[in-house]
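Structure assessment
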Amino acid sequence: MERPPGANGAVLSLLSLLLHLASASDIPLSVQQVPTITKQSKEQVAFPFDEYFQIECEAKGNPEPRFTWTKDGKPFDFSDPRIIASNNSGTFRIPNEGQIAHFQGKYRCFASNKLGVAMSEEIEFIVPNVPKFPKEKIEPLEVEEGDPLVLPCNPPMGLPPLHIYWMNIELQHIQQSERVSMSQAGDLYFANVEEHDSRNDYCCFAAFPRLRTIVQKMPMKLTVNSSNSIKQRKPSLLLPPAAKGPKSEVTVLRGDTLVLECFAEGLPTPQVAWGKVGGDLPEGSDMEDNYGKTLKIENVSFQDKGTYHCMASNFHGVATHDFYVTVEEPPYWTKKPQSGVYSTGASGILLCEAKGEPTPVIRWRVNGVPIEENPFAGDVVSPGEVSFTNLQPNHTAVYQCEASNAHGTILANANVDVVDVRPLIETEDEESYAAVTGASAFLRCKFFASPPALVSWQKADAARPLEGPRYHVHENGTLQVLEATAEDAGAYSCWVENAQGKTAVTASLDIRNATKLQVSPRDPRIPRSHTLELHCESQCDPQLKPSLRLTWSKGGAAFETNGTGDGRILIDGARLTISNLSLEDQGVYTCSAHTALDSAANGTRVTVLDVPDPPENLRLSERQNRSVRLTWDAGDSHNSNISEYLVEFEGSREEQGRWEALATVPGEETTALLPLAPYVRYRFRVIAANEVGRSRPSRPSEHHATPPAAPDKNPQNIRVQASQPKEMVIKWEPLKPLEQNGPGLEYRVAWKPLGAPGEWEEETVREHSLRVMTSAVYAPYEVQVQALNHLGAGPEPQSVVLHSGEDYPDAAPVVHGVDVVNSTLAKVTWSSVPKDRVHGRLKGYQINWWKTKSLADGRTLPKEVSVLRFPGQRSSGMLPALDAFSEFHLTVLAFNAKGAGPESEPYVFQTPEGVPEQPAFLKVIKVDKDTATLAWGPPGKLNGHLTGYLLQYQIINDTEEIGELNDVHITAPAKASWRLSNLNATTKYKFYVRACTSPGCGKPVTEEAATLGEGSRGVGKLPEGVNATEQAQPPEVPEPGAEHEVRLLPKNWAGNNSIFEDVIEARGREYAGLYDDIATQGWFIGLMGAIAVLTLVLLTICFVKRNRGGKYSVKDKEDLHPDPDVQSGKDETFGDYSDSDEKPLKGSLRSLARDLPATESADSLVPYGEGDHGLFSEDGSFIGAYAGSKEKGSVESNGSSTATFPLRA
């Protein structure tokens, strides 16, 4: 049928419109339709190690398709019992059992029903043979040295790829080189043989990796005969062989790899070069393989076609070959026919275009049969299209378009379904949808209709379809509501209508709040190596909260859920922490939130600050004798502006590598005019600084040397060092190397007496000191020091006044008197030594004094001199810390820098009486319900005649309040004990005893004790922790001169069942007359008996328990008074205490010791000491128990003792 010009375009436009309306979705399977192949196999290889081989073909259609196969263009019978067919598809399996070679071929699947036939592309089933080298006898090869040689491999055919190796029988590779190389075909080429090429085991191995097979050719023997007349020759080509002539043609497919080979023989070994006629070799050409004998071009394109030139050359000539390369291509689609659904009376067109090289041939089929054999009435067929008009239901069919050339065939199926059906809505009715405010909401209404249908949406409470720019209905029926708001929530209905009828579904829409994010801090600037912490604050609709998921990314690359494995980057939900920041960590960090309905993101730019990079490219210009200009290029500032540059120099001739600061330059400048010193060979470097810190130093500049000059300055700090009388040792600070200005540095020293009109004496020295003899002691001189070098002298020097050496003073002061201020302080006055008798600069006066005797007992003391110096010119001084009531001698002398002069005549003075020191100790030796007996020791220093003691006491108990202080004046100095009466029962007291002389009383010694209750006997202070049942009588004060021993035997089983015995000996100390009123009492005799009985009982119990393996329990005591030191002692020494049943009788202990302070330890022996708890440094579990009691009360005291006997260690 003839078509008017332009009709093609009209038909295409109409077809496009019809398809737009009719194909709102794929045709449902509930509607009758032609078969469509949905799955098919590609090339299938029957590997011998597979269990079976499956060839697939699946299709859909209504009615359900039937499947048939062809093999090599002929029908293939499924009834073969060796194949297993699948139900409801065309797929079948070929078990790998026995011979399957007869199944090799090209298969095609056909799926058909009453409406049409779909066909698959050809599926090639390959049954590879096991490759083998033929069994053959290879004759030995014998050649002359220098001859060319080719060892053929001729590998067997097999499934590619093929890899070839040349090895010996020991599987060692044959070494290849420019002289010996292997071609792609596997042959081994020798450009010229050498004698060492001789061997009898040249083996060619062919490997087929897909078949997991390697085969070996029989070994070849090669003998190279040496020759004395090896002739060199020009090259000739071995590959391509000479038989092909100077040119050959090569065809390669586009996208493949082109490999050209050029192997030549000759002597010396030829070199191979490649080129392209009329142009350059393609970019990426590889000539590295086979030492330049192979040209490889990967991913070949049509631009790579042309003539390639190979040239082999040596000293004697060249050999060439040209390769004419053509590039071809298998067919590929440019326009592929598309399936369509049409209504009765419609028109359509199928387009089919393909390209390739050579140009593909297009062939049409209908239902698998060539179209010319079964044409439809009204079809217009041309190579590139099939058009039809006035379609009827019986025109339903499957069209196939096939494009083929020499390199392959491609096939496309296009369904033509002629259907008239009422709209079918595939979306479920009453679907619920949700969206967030500000985003688009989508309500689906997927449908199929033929002829074409119209879709409209309306809200449940509106009578008219939705209209306006915010509503858009897509081709597939979906309604899009743009920028949804809360008012858009509600019920909706979708209506689909065509000529066959009308259908509707309903849906509901819920609008929720959008998710919002804020990352903080905003755009932080963090120094390198610091820690960055970012927080992501989110606001989310409550109904979306369960689905909220936060993620972090940097520059679009997401982090792992928990950060990095090394722990440097940690992610904890909304918090991102990066430690030890580096410059690579800077960038944009984004927090993303994802919910079931929406997503949000917010980012912040992190800037990492670092010290600048070192300045670069240092340059010197404007070179002058005393200056030079230094210029440099700034390095990277690493996000922090450079604030300044520090210019350093290296110029010391003695200390190479020592850099010193020279100048500071503002950060915006990169040049500086530097002041220089003469006679220095400079190098400079620059350091950049910003807010983070300083850069590494730049590379040093070139050297710059300044010429020498006379010194610019003279030495400083001219002085005289300590010297002998009538001499001066003059010293000064030498000039630094940079101050010397030239070679030959010396110093000119000039001097003369101060005010003398005569000439200057002078001397020139190299050192920085000079010794000068003078005529007088400590005489003033004018001194000058001037610097010199080979180029001249420094500036005119300034004079300084120095003195010659000092001598000892030769006169003594006269002591005018001593004013005794108090018993420990005296003021001494003396006359000054005349200035001319000092013989130097007076530094001060010195007082020497010593105590000659004590006025208390009149004893003369050995001379022990004390010294006190008073600086400067003065005539009096105070002597502190003197002993009271003593006689002293003193002398006074003057001293200067040289030393001290003669002493004055001794002066005698005495100090008056003072208050005594505190008594040596205070003990409460007996307590009763209303009385207490105290004993004390005399003070160490009486500081006068002892007049008596002041005894004071007050109630303290265990409260914050204290009672009134009561005084008892004891006027008998020899009295060393006192019995207080009329005390309150069951009351704690604090006692103070002071020793007194005529001037007054000294500091007190204190002690605390408690009176007993009604009905209790008087006892001494009991050692806590000792069971009262083990005491016949409480311990009392022993007679003077007597001594007793208390032996404690605590037993504590350690891990090795050893017994620790802690023996503490305490012996009484005798004080004459101290216990006159005690030793005569009856209870003292009872005490001695009690101690004997107690000792015997303790020894008996210990002996019994040791034999029984028992343990002396201390644990209960320590449970009552826990102490960390005790616990530490246990842990380190004893281990845990045994919790045996052998425990003290706690009730008995408390009945006897209830008046003792609760804080004191019941098993301590410290109360038997003299206030020095350090005497009892015990080990183990007793350490914590031997702590002293705390003092209470307000009366001043700097010493105390416990309330029982003084014992001698």
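- Named according to an unreviewed UniProt entry, the chain is Neural cell adhesion molecule L1-like protein originating from Pipistrellus kuhlii.
- The annotation that UniProt attaches to the chain under Subunit (unreviewed entry) is "May interact with L1CAM. May interact with ITGB1/ITGA1 heterodimer and ITGB1/ITGA2 heterodimer as well as with ANK3."
- UniProt lists a comment for the chain under the heading Sequence similarities (unreviewed entry), and it reads "Belongs to the immunoglobulin superfamily. L1/neurofascin/NgCAM family."

1. Structural notes on the overall build of the chain
- Of regular secondary structure, the chain possesses five helices and 86 strands.
- Expressed as a percentage of the 1209 residues in the chain, the buried residues total 43%.
- Put simply, of all contacts in the chain between residues at least 6 apart along the chain, 67% involve residues at least 24 apart.
- A total of about 62300 Å² of accessible surface is found on the chain, and carbon and sulfur atoms cover 49% of it.

2. Structural notes on the pattern of salt bridges
- Within this structure, the stated rule accounts for 35 salt bridges.
- We note a salt bridge from K335 to E353, for which the minimum N-O separation is 3.9 Å. Of this pair, K335 sits in strand β27 (residues 317-335) while E353 sits in strand β30 (residues 353-357); the two residues are 18 residues apart in sequence, bridging distant segments of the chain.
- By relative accessible area, E353 is classed as partly exposed at 36%.
- The network of salt bridges with common partners includes R108, E122 and E402.

3. Overview of the packing of aromatic side chains
- Overall, the coordinates contain 25 aromatic pairs when judged by the stated rule.
- Through a chain of ring-to-ring contacts, the aromatic side chains of W69, F76, F92 and Y107 assemble into a single cluster.
- The ring of Y52 carries R93 above its face, with NZ or CZ at 4.0 Å from the centroid.
- In this arrangement the basic side chain of K293 is found over the ring face of F263, its NZ or CZ atom lying 5.7 Å from the centre.

4. With respect to the state of the cysteines
- Evaluated as defined, the whole model comprises seven disulfides.
- Through a disulfide, C153 is tied to C204; the S-S separation comes to 1.9 Å. On the sign convention where negative is left-handed, the bridge of C153 and C204, at about -65 degrees about the S-S bond, is left-handed. With C153 in the loop between β13 (149-151) and β14 (163-167) and C204 in strand β17 (residues 199-208), the pair connects residues that are 51 residues apart, well separated along the chain. For the pair formed by C153 and C204, the shared burial category is buried.
- A sulfur-sulfur separation of 1.7 Å characterises the disulfide bridge that pairs C352 with C401.

5. A short note on the nonpolar core
- Counting residues in hydrophobic clusters, the biggest one holds 26 residues, and the most contacted among them are L149, L151, W166, L188, F190 and Y202.
- Mapped onto this core, the elements with two or more residues apiece are β13, β14, β15 (180-182), β16 (188-190), β17 and β19 (220-225).
- At four residues, β17 tops the list of elements feeding residues into this core.
- Grouped together as the second largest cluster of nonpolar side chains are 21 residues, L980, Y989, F991 and L1012 included.

6. Observations concerning a nonpolar patch on the surface
- The grouping of V1093, V1097 and I1101 at the surface amounts to a nonpolar patch, some 200 Å² of accessible area in total.
- By the secondary structure assignment, V1093 is in helix α2 (residues 1082-1108).

7. What about the sheet that holds strand β46 (residues 516-520)?
- Taken together, four strands build an open sheet; the order of strands is β46-β48-β52-β51 and the sheet is antiparallel. Each end of this open sheet is capped by a strand with a single partner; those strands are β46 and β51 (569-572). Put simply, the sheet's adjacent strands are angled 15 degrees from each other on average, direction ignored.
- Looking at chain direction, β51 and strand β52 (residues 575-578) are connected through four bridges and run antiparallel. Among the inter-strand pairings, I569 is bridged to a residue of β52, identified as I578.

8. Side note on the environment of N374
- In this structure, N374 sits in the loop between β32 (369-370) and β33 (380-382).
- Judged by its relative accessible area of 37%, N374 is partly exposed.
- Setting aside chain neighbours within four positions, we find N374 in contact with V366 and V369.

9. Topic: the sheet that holds strand β44 (residues 490-498)
- Judged by pairing direction, the sheet is mixed, and its four strands sit side by side in the order β38-β45-β44-β41 without closing on themselves. At either end of the open sheet lies a strand with only one pairing partner, and these are β38 (431-436) and β41 (454-459). Here the strands of the sheet are splayed against their neighbours by 30 degrees on average, with no regard to which way each runs.
- Judged from the six bridges that link them, β38 and strand β45 (residues 501-512) form a sheet pairing that is parallel. By the bridge assignment, Y433 is partnered in β45 with L509.

What counts, and at which threshold
- Residues numbered from 1 in each chain as written.
- Predicted model: local features only at pLDDT ≥ 70, side-chain atom pairs only at ≥ 80, totals over all residues.
- Heavy atoms only, no water.
- UniProt positions renumbered as here; feature names shortened; annotations may be inferred.
- Helix = DSSP H or I, 4+ residues; strand = E, 2+ residues; numbered from the N terminus.
- Buried < 20%, exposed > 50% of the residue type's maximum accessible area, 1.4 Å probe, protein only.
- Contact = heavy atoms within 4.5 Å.
- Areas by Shrake-Rupley, 256 points an atom, 1.4 Å probe, with all protein chains shown as cover.
- Salt bridge = Lys/Arg side-chain N within 4 Å of Asp/Glu carboxyl O.
- Phe/Tyr/Trp six-rings, centres within 6.5 Å; stacked < 30°, edge-to-face > 60°.
- Lys NZ or Arg CZ within 6 Å of the ring centre and 35° of its normal.
- Disulfide = S-S within 2.5 Å.
- Core = buried A, V, L, I, M, F, W, Y, C linked by side-chain atoms within 4.5 Å.
- Patch = residues over 30% accessible without salt bridge, like charges linked within 9 Å, V, L, I, M, F, W, Y side chains within 5 Å.
- Pairing = 2+ DSSP bridges.
- Axes fitted to C-alpha atoms, helices over the stretch in contact; angles between N-to-C directions.

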